[in-house]
2 protein chains.
Amino acid sequence: MAINRRMDFQADEIALADFAKAISHPARIAILKILAQQKSCICGEIVEGLPLAQATVSQHLKELKASGLIKGTIEGKTSCYCIDWEVFNQFVAHFGIFADLSQNANCQSQSCC
Amino acid sequence: MAINRRMDFQADEIALADFAKAISHPARIAILKILAQQKSCICGEIVEGLPLAQATVSQHLKELKASGLIKGTIEGKTSCYCIDWEVFNQFVAHFGIFADLSQNANCQSQSCC
DNA sequence: ATTTTATATCGCAAATATACGATGAATTAT
DNA sequence: ATAATTCATCGTATATTTGCGATATAAAAT
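Residues numbered from 1 in each chain as written. Chains lettered and ligands numbered in written order. Predicted model: local features only at pLDDT ≥ 70, side-chain atom pairs only at ≥ 80, totals over all residues. Heavy atoms only, no water.

1. Some points on the pairing of strand β3 (residues 78-83) of chain B
Taken residue by residue, a regular strand's side chains alternate between the two faces of the sheet. Residue and element names in this part refer to chain B. What counts is decided by this rule: Here, a strand pair is defined by DSSP locating no fewer than two bridges between the strands. Each helix is a run of DSSP H or I of at least 4 residues and each strand a run of E of at least 2, with the numbering of both proceeding from the N terminus.
Examined bridge by bridge, strand β1 (residues 41-42) and β3 share two bridges and lie antiparallel to one another. Residue Ile42 lies in a different strand from β3, and its bridge partner there is Cys80. Relative to β3, strand β2 (residues 70-75) runs antiparallel, the two being bridged by six bridges. Considered in β3, the bridge of Ile74 is made with Ser79. Count of turn residues in the β2/β3 antiparallel hairpin: two residues, of which Gly76 carries a positive phi of about 65°.

2. Thoughts on the sheet that holds β3 of chain B
Residues and elements named next belong to chain B. Going by this rule: Here a residue-residue contact requires only that any non-hydrogen atoms of the pair lie within 4.5 Å. Axes here refer to lines fitted to C-alpha atoms; in helices the fit is confined to the stretch in contact. Angles between the N-to-C directions go from 0 to 180 degrees.
Strand order in the open sheet made by the three strands is β1-β3-β2, with antiparallel pairing throughout. In this open sheet, the two edge strands, each paired with only one partner strand, are β1 and β2. Strands β1, β2 and β3 of the sheet are contacted by helix α2 (residues 26-36), whose axis makes an angle of about 90° with β3.

3. Concerning the relation of the copies chain A and chain B
Put simply, the rule reads: The copies were overlaid by least squares, fitting only the C-alpha atoms of residues that reach a pLDDT of 70 or more in each copy.
After a rotation of 180° and a shift along the axis of 0.0 Å, chain A superposes on chain B with an RMSD of 0.0 Å. The superposition of one copy onto the other is thereby described by a two-fold rotation axis. The C-alpha atom lying nearest the rotation axis in chain A is that of Ala20 of chain A; the distance is 2.4 Å. Residue by residue, 100% of the interface of chain A is reproduced at the interface of chain B, so both copies engage with the same surface.

4. A closer look at the interface of chain A and chain B
Threshold: By convention, the term buried area covers the 1.4 Å-probe accessible surface removed from two parts as they join, with the contributions of both added. What counts as a salt bridge is simple: a side-chain nitrogen of Lys or Arg found within 4 Å of a carboxyl oxygen of Asp or Glu. Here a polar contact is recorded for every N or O atom pair within 3.5 Å, except that within protein the pair must consist of a potential hydrogen donor and a potential acceptor, and residues adjacent in sequence are included only if both atoms are side-chain atoms.
Listed by partner, the interface residues are 52 residues for chain A and 52 residues for chain B. Summed over both partners, the interface of chain A with chain B comes to about 4400 Å²; 73% of that surface belongs to carbon and sulfur atoms. Joining chain A to chain B, the criterion identifies four salt bridges. Two residues, Lys33 of chain B and Glu13 of chain A, come together in a salt bridge whose shortest N-O distance is 3.1 Å. Between the two partners, chain A and chain B, sit six residue pairs in polar contact (both at pLDDT 80 or more). Of all the secondary-structure elements, those providing two or more residues to the side of chain A that touches chain B are α1 (11-22), α2 (26-36), β2 (70-75), β3 (78-83), α5 (85-94) and α6 (96-101) of chain A. For the side of chain A that touches chain B, the element with the most residues is α1 of chain A, which contributes eight residues.

5. Quick word on the side chain of Lys33 of chain A
Stated precisely, the cut-off is as follows: Exposure classes here rest on a 1.4 Å probe applied to the protein chains alone. A residue is buried below 20% of its type maximum, exposed above 50%, and partly exposed in between.
Inspection of the secondary structure assignment puts Lys33 of chain A in helix α2. For Lys33 of chain A, a relative accessible area of 12% puts it in the buried group. Separated by 3.2 Å, the side chains of Lys33 of chain A and Asp12 of chain B make a polar contact.

Have a look at this one:
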């Protein structure tokens, strides 16, 4: 692109967009689903459940970790990942801004669209 | 990339990822915010509220429309866009799958991560 | 009829994302 | 000590996204 306009937007818009981007790939949704149903999880089990090479899964895990949605610690030979529910729920709640904004006037009538 | 693995994932994973991708750009979040607080909206007003060229905004609107999150009709000289709340709320509700999956065992203890 | 206005689409350049093999680093098993 | 295991990172190829000027389209105003 000619110019990166990212910083011309508001902080909350960037934050919500970044959260969305973190989960905007089926592999990362699948990883979150796997993590959500595990008490704890090593990377190996995640790789086995996905149609991707180990390097690719590791890269997706890195992105999820960078977004804050998952936490990870190295435990000896293996790594342990899990969802950071505090961060996750905070972001999901953030979607409420749209409903809040529409409280007064929204556009559900036939006459509009 | 060497191979596109998209179709190796489950339909619900693809659907949720696509929704996230549709809103994974600050401009599209900003557009949704503008639409949420308007009764109806022509593209011109949206362009004025964004730090982007008209062509770029039109492109973002096209993506949002393709995702189903917004509806649009051409009304004479102008176009009218608005949020499709039915679709929007359905997708937000879809995030519940993670909480559902974690109902039995999740990972919020210190001992895990 | 011509000009103006509003918006969409085309075509291109630059930036980012996706995917994977190869390799590295650290730990555990032999 | 050496080998095997587990996972991260590097390098690289290709695909997709982003952004905009130029142009097209179509209605409204003159």
